[in-house]
2 protein chains.
Amino acid sequence: MSTQMLEARAGRITEEMERVALQEGVTPEYIRERVADSRIVIPKNTRRSRSKICGIGEGLDIKVNSLMGTSSDRNDKAMEKRKLQLIEEAGADAFMDLSTGDDIDGMRRQSIASSNIAAGCVPVYQAANEAIEKHGSMVAMTGRDLLDVIEKECEDGMDFMAVHSAYNRQLFDILRKTGRLANIVSRGGSILTAWMHYNQKDNPLYAEFDKVLEILKSTDTVLSIGDAIRPGCNFDSLDAAQMAGLMVAGDLAKRAIEAGVQVMIEGPGHVPLNHIATTMQMQKRLCHNVPYYILGFLATDVAPGYDNITGAIGGAFAGMHGADFLCNLTPAEHLGLPTEEDVVMGVRTARIAADCANVLRRGGRAWNRSLAMAKARVNNDVQAQIDNALMPEVLRERLAREPKHDHCAACSDGLCPADVAYDYFFGDNA
Amino acid sequence: MSTQMLEARAGRITEEMERVALQEGVTPEYIRERVADSRIVIPKNTRRSRSKICGIGEGLDIKVNSLMGTSSDRNDKAMEKRKLQLIEEAGADAFMDLSTGDDIDGMRRQSIASSNIAAGCVPVYQAANEAIEKHGSMVAMTGRDLLDVIEKECEDGMDFMAVHSAYNRQLFDILRKTGRLANIVSRGGSILTAWMHYNQKDNPLYAEFDKVLEILKSTDTVLSIGDAIRPGCNFDSLDAAQMAGLMVAGDLAKRAIEAGVQVMIEGPGHVPLNHIATTMQMQKRLCHNVPYYILGFLATDVAPGYDNITGAIGGAFAGMHGADFLCNLTPAEHLGLPTEEDVVMGVRTARIAADCANVLRRGGRAWNRSLAMAKARVNNDVQAQIDNALMPEVLRERLAREPKHDHCAACSDGLCPADVAYDYFFGDNA
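Residues numbered from 1 in each chain as written. Chains lettered and ligands numbered in written order. Predicted model: local features only at pLDDT ≥ 70, side-chain atom pairs only at ≥ 80, totals over all residues. Heavy atoms only, no water.

Caption draft 1: Region of the structure containing the overall build of chain A. In terms of helices and strands, chain A carries 19 helices and 10 strands. Relative to the 2.2 N^0.38 estimate, which gives 22 Å for 430 residues, the radius of gyration of chain A is 23 Å and therefore close to what a compact globule would have. Across its three principal axes, chain A shows a C-alpha extent of roughly 85 × 50 × 40 Å. Classification of the 430 residues of chain A by burial places 65% in the buried group. The long-range fraction of contacts in chain A, counting pairs at least 24 apart against all pairs at least 6 apart in sequence, stands at 73%. For chain A, the exposed area adds up to about 14400 Å²; of that, 48% sits on carbon and sulfur atoms. Each charge class in chain A can be summarised by its mean position, and for the 47 positive and 59 negative side chains these summaries are 3 Å apart. (Helix = DSSP H or I, 4+ residues; strand = E, 2+ residues; numbered from the N terminus. Rg over C-alpha atoms; globule rule 2.2 N^0.38 Å. Buried < 20%, exposed > 50% of the residue type's maximum accessible area, 1.4 Å probe, protein only. Contact = heavy atoms within 4.5 Å. Areas by Shrake-Rupley, 256 points an atom, 1.4 Å probe, with all protein chains shown as cover. Lys, Arg positive; Asp, Glu negative; His and termini not counted. Charge placed at Lys NZ, Arg CZ, Asp CG, Glu CD.)

Caption draft 2: Focus on the domain arrangement of chain A. Residues and elements named next belong to chain A. One can read the domain layout of chain A as domain 1 (64-359) and domain 2 (365-426). Here domain 1 and domain 2 have C-alpha centroids that lie 39 Å from each other. Between domain 1 and domain 2, the residue contacts involve 6 residues of the former and 7 residues of the latter. The largest share of the area that domain 1 buries against domain 2 comes from Arg 348, Arg 351 and Asp 355, three residues that together contribute 65% of it. Viewed at the interface, domain 2 and domain 1 are joined by 1 salt bridge. (Domains from an automatic or database assignment. Buried area = accessible area lost by both parts, 1.4 Å probe. Salt bridge = Lys/Arg side-chain N within 4 Å of Asp/Glu carboxyl O.)

Caption draft 3: Structural detail: the nonpolar core. Of all hydrophobic cores here, the largest spans 254 residues; its most connected members are Ile 313 of chain A together with Ile 313 of chain B. When near neighbours in sequence (up to four residues on either side) are disregarded, Ile 313 of chain A contacts Leu 273 and Ala 299 of chain A together with Ala 312, Ile 313, Ala 316, Ile 352, Ala 353 and Cys 356 of chain B. With 11 residues, the next largest nonpolar core counts Met 17, Ala 21, Ile 42 and Leu 60 of chain B among its residues. (Core = buried A, V, L, I, M, F, W, Y, C linked by side-chain atoms within 4.5 Å.)

Caption draft 4: A look at the packing of aromatic side chains. Summed over the entire model, instances satisfying the criterion amount to 7 aromatic pairs over all chains. Judged by centre distance (5.9 Å) and plane angle (70 degrees), the rings of Phe 160 of chain A and Phe 325 of chain A are edge-to-face. Placement of the pair is Phe 160 of chain A in strand β6 (residues 160-163) and Phe 325 of chain A in strand β10 (residues 325-327), with a sequence separation of 165 residues. For the pair Phe 160 of chain A and Phe 325 of chain A, one class covers both residues: buried. Pairing Trp 367 of chain A with Phe 235 of chain B gives two aromatic rings, centres 6.1 Å apart and planes at 45 degrees, and the pair type is tilted. With one member in each of two chains, Trp 367 of chain A in helix α16 (residues 364-378) and Phe 235 of chain B in the loop between β7 (222-225) and α12 (240-259) form a pair that bridges those chains. Aromatic rings pair up to connect Phe 160, Tyr 293 and Phe 325 of chain A into one cluster. Here the basic side chain of Arg 34 of chain A rests over the ring of Tyr 30 of chain A, its NZ or CZ set 3.6 Å away from the ring centre. (Phe/Tyr/Trp six-rings, centres within 6.5 Å; stacked < 30°, edge-to-face > 60°. Lys NZ or Arg CZ within 6 Å of the ring centre and 35° of its normal.)

Caption draft 5: Structural detail: the relation of the copies chain A and chain B. Rotating chain A by 180 degrees and translating it 0.0 Å along the rotation axis places it on chain B, where the RMSD comes to 0.0 Å. Accordingly, the operation relating the two chain copies is best matched by a two-fold axis. No C-alpha of chain A approaches the rotation axis more nearly than that of Ile 313 of chain A, which lies at 2.4 Å. Both copies present the same face, since 100% of the interface residues in chain A are matched by interface residues at the equivalent positions in chain B. (Least-squares fit on C-alpha atoms with pLDDT ≥ 70 in both.)

Caption draft 6: Up close: the packing of helix α8 (residues 169-178) of chain B against α12 of chain B. Residues and elements named next belong to chain B. α12 packs onto α8 with a crossing angle of 165 degrees between their chain directions and a minimal axis gap of 8 Å. The orientation of α8 with respect to α12, classified from their angle, is roughly antiparallel. Relative to α12, the crossing made by α8 is right-handed. Seen from α8, the contacting residues are Leu 171, Ile 174, Leu 175 and Thr 178; seen from α12, they are Ala 240, Ala 241, Ala 244, Gly 245 and Val 248. (Axes fitted to C-alpha atoms, helices over the stretch in contact; angles between N-to-C directions. Parallel < 35°, antiparallel > 145°, perpendicular 65-115°, else oblique. Left-handed = near helix turned anticlockwise from the far one by under 90°.)

Caption draft 7: Layout of the interface of chain A and chain B. If you look at the interface, chain A gives 97 residues, while chain B gives 99 residues. Carbon and sulfur atoms make up 69% of the area that chain A and chain B hide from each other, which totals about 8300 Å². At the boundary of chain A with chain B, the tally comes to 2 salt bridges. Across the pair Arg 398 of chain B and Asp 342 of chain A runs a salt bridge, and its minimum N-O distance is 3.9 Å.

Caption draft 8: Broad picture of the packing of helix α7 (residues 143-156) of chain A against helix α11 (residues 209-219) of chain A. Residue and element names in this part refer to chain A. Close contact between α7 and α11 brings their axes to 9 Å; oriented N to C, the two are set at 10 degrees. Between α7 and α11, the interaxial angle falls into the category roughly parallel. On α11, the residues touching Leu 147, Ile 150, Glu 151, Cys 154 and Glu 155 of α7 are Lys 211, Val 212, Ile 215, Leu 216 and Thr 219. A breakdown of the residues in the contact of α7 with α11 according to their chemical character gives 6 nonpolar, 1 polar and 3 charged. (Nonpolar A, V, L, I, M, F, W, Y, C, P; charged D, E, K, R; others polar.)

Caption draft 9: Region of the structure containing the sheet that holds strand β4 (residues 94-97) of chain A. Here 8 strands make up a closed barrel; going around it, the order is β3-β4-β5-β6-β7-β8-β9-β10 (chain A) and the pairing parallel. In this sheet, neighbouring strand axes are inclined to one another by 25 degrees on average, regardless of whether the strands run parallel or antiparallel. (Pairing = 2+ DSSP bridges.)

Caption draft 10: How the structure looks around the pairing of strand β4 (residues 94-97) of chain B. All names here are of chain B. Covered by surrounding structure in β4 are Ala 94 and Met 96 together with Phe 95 and Asp 97, the residues of both alternating faces. Note that strand β3 (residues 63-68) and β4 share 4 bridges and pair parallel. Residue pairing across strands places Leu 67 opposite Met 96, the latter belonging to β4. After leaving β3, the chain enters helix α4 (residues 77-89) and then returns to the sheet as β4, a path that is right-handed. Where β4 and strand β5 (residues 118-121) come together, 4 bridges link them in parallel fashion. By the bridge assignment for β5, Phe 95 is matched with Ala 119. As a crossover connection, the stretch from β4 through helix α5 (residues 104-113) into β5 is right-handed. (Right-handed = clockwise from strand over helix to strand, strands pointing away.)

Caption draft 11: Inspection of helix α6 (residues 123-135) of chain B at higher detail. Residue and element names in this part refer to chain B. A rise of 1.5 Å per residue sets the reference length of α6, with its 13 residues, at 18 Å; its end C-alpha atoms lie 18 Å apart and thus fit the reference within 8%. Looking at α6, one finds that the buried residues are Pro 123, Val 124, Tyr 125, Gln 126, Ala 127, Ala 128, Asn 129 and Ala 131. Contacts made by the buried residues of α6 are with α5, β5, α7 (143-156), β6 (160-163) and α9 (187-199). (Expected span 1.5 Å × (residues − 1).)

Caption draft 12: Spotlight on the pattern of salt bridges. All names here are of chain A. Scanning all chains against the criterion turns up 56 salt bridges over all chains. With its nearest N and O atoms 3.5 Å apart, the salt bridge here joins Lys 152 to Glu 130. Residue Lys 152 is found in helix α7, and its partner Glu 130 is found in helix α6 (residues 123-135); the two are separated by 22 residues along the sequence. Taking relative accessible area as the criterion, Lys 152 reaches 23% and is therefore assigned partly exposed.

Caption draft 13: Quick peek at unusual backbone geometry. Look at the link from Pro 268 of chain B to Gly 269 of chain B: it is a cis peptide, with omega at 15 degrees. Along the chain, the position of Gly 269 of chain B falls in the loop between β8 (263-267) and α13 (276-286). With an omega of -10 degrees, the peptide bond running from Gly 296 of chain B to Phe 297 of chain B counts as cis. On the secondary structure map, Phe 297 of chain B appears in the loop between β9 (292-295) and α14 (307-320). Residues other than glycine seldom take positive phi values, yet Asn 183 of chain A does so here, at roughly 45 degrees. As for its position among the elements, Asn 183 of chain A is in the loop between α8 (169-178) and α9 (187-199). Of note, Asp 220 of chain B is a non-glycine position whose phi angle comes to about 55 degrees, a positive value. By the secondary structure assignment, Asp 220 of chain B is in the loop between α11 (209-219) and β7.

Caption draft 14: Spatial organisation of the layout of surface pockets. Approximately 1200 Å³ is the volume found for the largest pocket. Around the largest pocket, the lining is made up of 33 residues, and of these Tyr 306, Glu 341 and Met 345 of chain A together with Glu 341 and Met 345 of chain B lie nearest the centre. Mapped onto the lining of the largest pocket, the elements with two or more residues apiece are α14 (307-320), α15 (340-362) and α18 (392-401) of chain A together with α14, α15 (340-362) and α18 (392-401) of chain B. When the residues that make up the lining of the largest pocket are grouped by side-chain class, the tally is 14 nonpolar, 6 polar and 13 charged. (1 Å grid on protein atoms, 1.4 Å probe; cavity = no way out; pocket = protein on both sides within 12 Å on 5 of 7 lines; lining within 4 Å. Points joined across faces, edges and corners; volume = space filled by probe spheres on them.)

Below, the structure written as structure tokens:
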């Protein structure tokens, strides 16, 4: 089987590379070169066709991921389908189905069938759930179970997958020596910690990494190396365990690249503003500049209810320093399962963060959009304002409710600065 | 009359300096030194007593300002009083009353009487409005009118005031030569542009700056040098006109310092993420490191409906690079007048930005708060989580609606990572 990466290395430009190049306003050769040398991934399972394709990585617009899925106590497939539709409408480039309710297979198939954007998942969740169901405990899960789930998910069409391979017993020892406050907050990481202890064996996703690669390669599913030991609070950020984990992730990324498997790396999580530049630089350096998928970053721990905003602050700043793919946070983070309204707010907030950072990454595109918006405001061209807004529906709805005054609606008393000053720049008094 | 600055220079520690020191966890001498050399201001009109005092500037927590006030077509004093109460409850350190409805005097007096935080205003709004009422045109306003308004506002107890002195005919010529897209978006700047043209004279707030200083000094009202020619879109950021304006602002700041008048400077506005570090550095450098009060920054122009978030991204990053005082943006920015809900969201969002940046400025305090929150989460101590949340009421309300699961409520299926991993770090299996 071939992959985008192997095709690119062979000098071939795939249809997907062409589509990405067109969207991003670069040449197909620009994309091919970077897919070949692992700086760009194109999540596109060979068994799934879908209408929206995106590239993630160096020199491209930052992409946004959102999360959905059932849990054992909110197991409503219809609601998750609606959420997925809202996520797509809100402009996400990808989603991950994190379902842990019953019928995870059925849920996944519904998600893949009902969406047009890149689909991701986390195999260890399903494997652990099935082990609990079948054997009463997640530690009863076998390495074979894990590989079987991965295989099933790839065959169903998953475009990318968070596989928690960059975690092993040695890293657990480092974690304990380091002495963290919040230890492990990754669900995958905690499951594998329990598993390694009970079975006195190394994490199968690490030990059998070559098999993982083989499966992913068969459908060109992008490997997203899950961040099993990401710091769980600002206080734990940039500790020895995190750095040691990055070294393991870097080794695995290299092996994926050698195998021709597209790869990106998942990053934290909780990162204070003064650690963001260093975090991104170390991540990129130790992991051979493959694309980085980050969860936030949450730039402070103290704003539950508004973690979409703490994530936008951290995400924009991380994007400026090299993050390629932002997982949104919703206002429900740390509070409960997100509602439909929460997921829309999450996607919108992450898109704003991405746009802010895109100005640095790309110059042209994000810059031109802000420029077009500024012109539309100066010209009092409401339609052009709507056309250039990141969330045109919000502007349209607000304008329908509240007829717009000139320029920006804020000044309704004859003291609009744009109007007052206009004549002295362009008008009769110029 | 004396001012905090003159007292500090004479080596005296005022009651206000003591209170600020206590709040910030520094010594009174730390505050005195910085008030003396103009790196910290304490807005506190000598004629107004109020329960909440704050210091703004080097080494202190970033402070948050919010806006309220009537306009000619929404002239509801009771609503503005409620807004002010909400602003204070949401945790703002200061507000500005930007009223332009009728009875601006009455409105201002109501605002000052009904609040306990620092009060600010913009005298040129009232002077222009009165000129329109009395003479049919804002250009009929005289220099004397402007000084009279400033005097009245100081006597009523205004703690700080945006005075648009850093704008003159020479700067207008530079603006025109520079060739901006959005020219002038400052309301004060546009009024003064019209005035200078019609009257063929220089801006009275510039020409009669010594008189302005004399009035402000008499009540120790902090001069906030208004940013009359701030860029109005990302495209205009860091242009020659902006730099020339900063030079004039720097000259005036020096004159204020010499006169013993507490001074800070108002900054933009629209600043793309890749200009923020440079903007803050040039502002601080050209304006002698006096405290900086910024409007945002809005890090992108394309998210109307969510400018509280674009402002939080820009504000956090600016705070990291030296901004001392953040003016909030509400979701209504560029759309219309903010509702009560909008102002609450505005204050909360700006406080999150401030907290993110405080980690860098102070280390200790913001850091300790995030640390306490992390401990509360690890210990599943809901009350401590509420106590350490920036917006405890949001957390409290959410928990009342949705009873909290362990740690963070997100995992309700027996796969909570904190629970699963706990035993391997601390419990029976450790």
